[in-house]
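So the chains spell out like this:
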Amino acid sequence: MNSITVLLSEDHMILRVALRALLADEPDIQIVGEAANGHQAVELCLQLQPHIVVMDIRMPMLNGLEATRQILRTLPATKILILSESSDPLHLDELMKLNIAGYLLKQSEAELLPGAIRAAHNGEGYFSPAIARHLERQAGRQAEQIHPGAPHLTSRESEVLQLVAEGNANKQISAELGISVKTVEKHRQSLMGKLKIHDTAGLTRYAIDRGVIDSEVRLAVADLV
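Because the structure is a prediction, the values reported are computed rather than measured.

Looking only at helix α10 (residues 170-177), the buried set comprises Asn170, Ile173, Ser174 and Leu177. Buried positions in α10, seen along its axis, are confined to an arc of 105° and lie on one side of it. Among the exposed residues of α10, those pointing more than 90 degrees away from its buried face are Lys171 and Ala175. Phi for glycine 178, located one or two positions after α10, is positive at around 70°.

Okay, structure coming up:
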């Protein structure tokens, strides 16, 4: 029997260890890699091409939503299974546009992960009851009706937005993304033009409101702005 290959993408090492232990006794599931942020998840997916990615949403450098978007753009057959503490409707609506394979809540359903992985591998959706209820309420409605007027950001603009909101200077962003400082400045200008925001503090508030950065960063940045 061929194993289901899995990549764990979770920034908290203690939780990665716990998930690894949970899946260790499953003979048909093999963990082939672990990522601590969204950039690592994208890179490891390209390298390892796992069947399933267990993806957290709120991660540093590149959040799970944008990482999912980049992975599926390049490897559309990959199944993305979200495991997160967040049930934010904004995140869920965006993820559903990407045809994720499932969504579990960390608080109460991590033990369901082996079954969810098998279901995702078999092409079956696997969603927490709370998430399923939200999907039922939203059935038949268009995402643009729920979040009217939301500007479209490119993947690179989304990356820059998160890194700016996390407090990185242009030079740090340049080094992280492997682009020039001048290119970073152009992306920041484009962001400000699209969002009609004129300073870094405004970009940070926007990122906080849209759930781009995780709860720990939210608290730290909110104190500054």
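Having put the structure on the table, let's press on.
Here we come to the pairing of strand β5 (residues 102-105). Of the two faces of β5, the one holding Gly102 and Leu104 and the one holding Tyr103 and Leu105 are both buried throughout. Inspection of the sheet shows strand β4 (residues 79-84) paired to β5 by 4 bridges, in the parallel sense. Looking at the pairing, leucine 81 lines up with glycine 102 of β5.

Another point: the packing of helix α11 (residues 181-195) against helix α12 (residues 200-209). At a minimum axis separation of 11 Å, α11 and α12 run at an interaxial angle of 65°. Overall, the two elements α11 and α12 adopt an arrangement that is roughly perpendicular. In this structure, α11 meets α12 at a crossing whose hand is left-handed. Two secondary-structure elements touch here, α11 through Arg188, Leu191, Met192 and Leu195 and α12 through Thr200, Leu203 and Tyr206. Taken together, the residues of the contact of α11 with α12 sort by class into 5 nonpolar, 1 polar and 1 charged.

Turning our eyes to something else, we now look at the side chain of asparagine 63. You can see asparagine 63 is positioned in the loop between β3 (52-55) and α3 (64-74). Judged by relative accessible area, which is 9%, asparagine 63 ranks as buried. Sequence-distant contacts of asparagine 63, defined by excluding residues within four places in its chain, comprise Ile57, Gln162 and Val212.

Tallied over the full model, the rule gives 13 salt bridges. Residue arginine 20 is joined to glutamate 34 by a salt bridge in which the shortest nitrogen-to-oxygen separation is 2.6 Å. A residue pair is termed long-range when its members are at least 10 positions apart, and arginine 20 in helix α1 (residues 13-24) and glutamate 34 in strand β2 (residues 29-35) qualify at 14 residues. Judged by relative accessible area, arginine 20 falls into the partly exposed class, the value being 35%. Taking the shortest distance from any N to any O, the salt bridge between aspartate 56 and lysine 106 comes out at 3.2 Å. Here aspartate 56 is found in the loop between β3 and α3, whereas its partner lysine 106 is found in helix α5 (residues 106-109), with 50 residues between them in sequence. Exposure class is identical for aspartate 56 and lysine 106. Each is buried. What you see here is one network of salt bridges that share partners, running through Glu10, Asp56, Arg58, Glu85 and Lys106.

Rules behind the numbers
Residues numbered from 1 in each chain as written. Predicted model: local features only at pLDDT ≥ 70, side-chain atom pairs only at ≥ 80, totals over all residues. Heavy atoms only, no water. Buried < 20%, exposed > 50% of the residue type's maximum accessible area, 1.4 Å probe, protein only. Helix = DSSP H or I, 4+ residues; strand = E, 2+ residues; numbered from the N terminus. Arc of directions from axis to C-beta. Pairing = 2+ DSSP bridges. Axes fitted to C-alpha atoms, helices over the stretch in contact; angles between N-to-C directions. Parallel < 35°, antiparallel > 145°, perpendicular 65-115°, else oblique. Left-handed = near helix turned anticlockwise from the far one by under 90°. Contact = heavy atoms within 4.5 Å. Nonpolar A, V, L, I, M, F, W, Y, C, P; charged D, E, K, R; others polar. Salt bridge = Lys/Arg side-chain N within 4 Å of Asp/Glu carboxyl O.

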